[in-house]
Amino acid sequence: MEYKNKEYNLCVDSVINHVFALLPLYEDNGMTDELRYKINFASTQIHTLFNICKNKNVHATAYYLDLISHLEMLKIAENHSDMRKSVLKICALLSELKVGEDNA
């Protein structure tokens with residue numbers, strides 16, 4: 001399936017929102033089974049997003065490694081600071097995946 005730029009950017013925004021939503025869950029209750037599930041779901045969304053990514057070379061970059069590394073850091077975060085850093089970094093990196101608007 002080929003996504004138009006606007007649709008693709010909406011997908012990116014949706015994943016960013018899911019990742020950002022992890023932070024208040026951690027702030028309220030720490031690491032819980034529910035939060036682990038949501039982290040795994042966000043991880044699946046990110047991997048799926050990379051499969052439909054407009055920039056096909058992104059898998060071969062340090063960018064991809066950085067994003068996936070921060071995603072793994074979420075799973076082992078031991079404090080609020082670690083969780084916050086990784087969530088914000090992932091959101092910033094995902095924002096870079098957005099593409100220009102369609103001309104049609």
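Everything that follows concerns the structure shown earlier in this document.
Let me begin by describing the structure that accompanies this report. (Residues numbered from 1 in each chain as written. Predicted model: local features only at pLDDT ≥ 70, side-chain atom pairs only at ≥ 80, totals over all residues. Heavy atoms only, no water.)

## Some details on the packing of aromatic side chains
Okay, so step 1: Tallied over the full model, the rule gives 1 aromatic pair.
Okay, so step 2: An angle of 80° between the planes, with centres 4.8 Å apart, marks the rings of Phe-50 and Tyr-64 as edge-to-face. One end of the pair, Phe-50, is in helix 3 (residues 33-51); the other, Tyr-64, is in helix 4 (residues 62-76), and 14 residues separate them in sequence.
Okay, so step 3: Judged by its relative accessible area of 2%, Phe-50 is buried. (Phe/Tyr/Trp six-rings, centres within 6.5 Å; stacked < 30°, edge-to-face > 60°. Helix = DSSP H or I, 4+ residues; strand = E, 2+ residues; numbered from the N terminus. Buried < 20%, exposed > 50% of the residue type's maximum accessible area, 1.4 Å probe, protein only.)

## Considerations on the pattern of salt bridges
Okay, so step 1: This model, assessed by the stated rule, comprises 4 salt bridges.
Okay, so step 2: A salt bridge links Arg-36 to Asp-33, with the shortest nitrogen-to-oxygen separation between them at 3.3 Å. In this pair, Arg-36 and Asp-33 both sit in helix 3, 3 residues apart, roughly one turn of the helix.
Okay, so step 3: Of the charged contacts in the structure, one is a salt bridge between Asp-66 and Lys-89, with a shortest N-O distance of 3.9 Å. Of this pair, Asp-66 sits in helix 4 while Lys-89 is found in helix 5 (residues 80-95), placing the two residues 23 residues apart along the sequence.
Okay, so step 4: By relative accessible area, Asp-66 is classed as partly exposed at 27%. (Salt bridge = Lys/Arg side-chain N within 4 Å of Asp/Glu carboxyl O.)

## Structural notes on helix 1 (residues 5-20)
Two residues of an α-helix separated by three or four positions point the same way, owing to the 3.6 residues in each turn.
Okay, so step 1: Between the first and last C-alpha of helix 1 there are 22 Å, a value that for 16 residues agrees with the 22 Å anticipated at 1.5 Å per step.
Okay, so step 2: By the burial criterion, the buried members of helix 1 are Asn-5, Tyr-8, Asn-9, Val-12, Val-15, Ile-16 and Val-19. Seen from one end, helix 1 has its buried residues packed into an arc of 120°, which puts them on one side. Exposed positions of helix 1 whose direction lies more than 90 degrees from the buried face are Lys-6, Leu-10 and Asn-17.
Okay, so step 3: Elements in contact with the buried residues of helix 1: helix 2 (22-29), helix 3 and helix 5. (Expected span 1.5 Å × (residues − 1). Arc of directions from axis to C-beta. Contact = heavy atoms within 4.5 Å.)

By themselves, these figures tell us nothing about what the structure is for.
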